[in-house]
Amino acid sequence: MKRTAVVTAATAGIGLETALGLTAAGYAVTVVGRDPDRGARAVERINATAPAHPARFLAADLASLDEVRALAGRVAAEHAASGEPLNVLVNNVGAMFADRLSLGGVEASFLVNHLSPYLLTELLLPTLTAAAPSRIVNVTSAAVGVAKRVFDDVEPPGGYYGFHRYGRAKLANLAYTLDLAARLDGTGVSVFAADPGGAATDMTDGTMTDPKIVAPALRLMWPLVRRKFERSTSGPASVAARPSIAAATDSTLTGRTGLVIGAGAVPVAPFRAAADPRIARAVRRLSERHAPLVTV
């Protein structure tokens with residue numbers, strides 16, 4: 001039977017390279033993104049490799065929870081109608097914002113980096129469970145290390161600093177990923193986080209150069225930190241995609257779950273705070289409040 005995968009934010013960068021890797025592994029890949037023109041170019045590039053199964057594009061703005069719900073509904077309905085399994089979901093979407101932005105009344109970084117993939121995953125769980133053994137891959141970041149670990153609300157106390165908010169949203173998603181793995185243990189659905197390490201992408205080429213994305217205490221050192229970061233992000237997206245591809249396809253991971261696949265495409269120890277059950281419970285409450293699975 002044909003194996004299928006959905007990869008979000010897959011029209012360029014790490015997402016596109018992940019889609020190419022899954023296609024090479026024999027999957028029929030659905031590329032998700034905002035821009036139909038970029039989507040068409042991505043599908044054209046994938047299909048130029050003469051894959052066993054052609055790729056396709058679905059348009060969805062993952063900064064809108066309504067569009068996330070519509071995307072999940074369409075994917076679930078299509079798989080139910082065709083009888084084809086959904087074997088892999090890769091939540092690659094991510095964004096960093098230099099200035100505070102509200103989307104639908106929710107701070108943008110938390111929405112895009114956590115609530116959006118959380119909601120898509122939860123809505124597609126019945127489809128993924130029906131296809132077991134299946135895999136969920138959530139892309140994480142080393143930026144979790146600068147995160148405030150308080151999740152009483154979407155926004156922590158204090159000023160807005162984009163890099164820290166990005167890290168906090170990624171920490172929320174990593175805690176959710178490990179918690180979900182425990183929750184689904186025994187169902188045949190494996191859940192992994194993939195840490196791409198450094199990669200030269202639109203985000204690193206733009207937002208990371210703005211010193212106001214970090215708290216004042218880091219600004220004096222930021223040029224040095226940024227240069228170090230830029231050296232580590234000088235590699236191509238194709239290298240940074242390897243952890244996601246491994247998490248989705250590596251046969252040695254069969255039957256395993258709750259792992260972080262590091263930049264070397266092998267399991268690494270998770271960031272300690274992400275495995276704290278208190279943080280996981282707080283993130284779960286916050287997620288259920290701001291991204292309810294059933295709209296009323």
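See the structure shown above.
Residues numbered from 1 in each chain as written. Predicted model: local features only at pLDDT ≥ 70, side-chain atom pairs only at ≥ 80, totals over all residues. Heavy atoms only, no water.

**Topic: the pairing of strand 7 (residues 134-139)**
Counted residue by residue, strand 7 has six buried out of six residues, so it is predominantly covered. Residues of strand 7 alternate between two faces, with Ser134, Ile136 and Asn138 on one and Arg135, Val137 and Val139 on the opposite face, all of them buried. In terms of strand pairing, strand 4 (residues 88-91) meets strand 7 through four bridges, oriented parallel. Across the sheet, residue Asn91 finds its bridge partner in strand 7, namely Asn138. As paired strands, strand 7 and strand 8 (residues 189-194) are joined by six bridges and run parallel to one another. Residue pairing across strands places Ser134 opposite Val189, the latter belonging to strand 8. (Buried < 20%, exposed > 50% of the residue type's maximum accessible area, 1.4 Å probe, protein only. Helix = DSSP H or I, 4+ residues; strand = E, 2+ residues; numbered from the N terminus. Pairing = 2+ DSSP bridges.)

**Observations regarding unusual backbone geometry**
Here the bond from Ala132 into Pro133 is cis, since omega is 5°, no more than 30 degrees from zero. Inspection of the secondary structure puts Pro133 in the loop between helix 4 (108-130) and strand 7. With a phi angle near 65°, Ala265 is a residue other than glycine that sits in the positive phi range. Take Ala265: its relative accessible area is 23%, and that puts it in the partly exposed class.

**Things to note about the pairing of strand 3 (residues 56-59)**
When strand 2 (residues 28-33) meets strand 3, the two strands line up parallel, connected through four bridges. Paired with Val32 across the two strands is Leu58, which belongs to strand 3. Handedness of the strand 2-helix 2 (residues 36-47)-strand 3 crossover: right-handed. (Right-handed = clockwise from strand over helix to strand, strands pointing away.)

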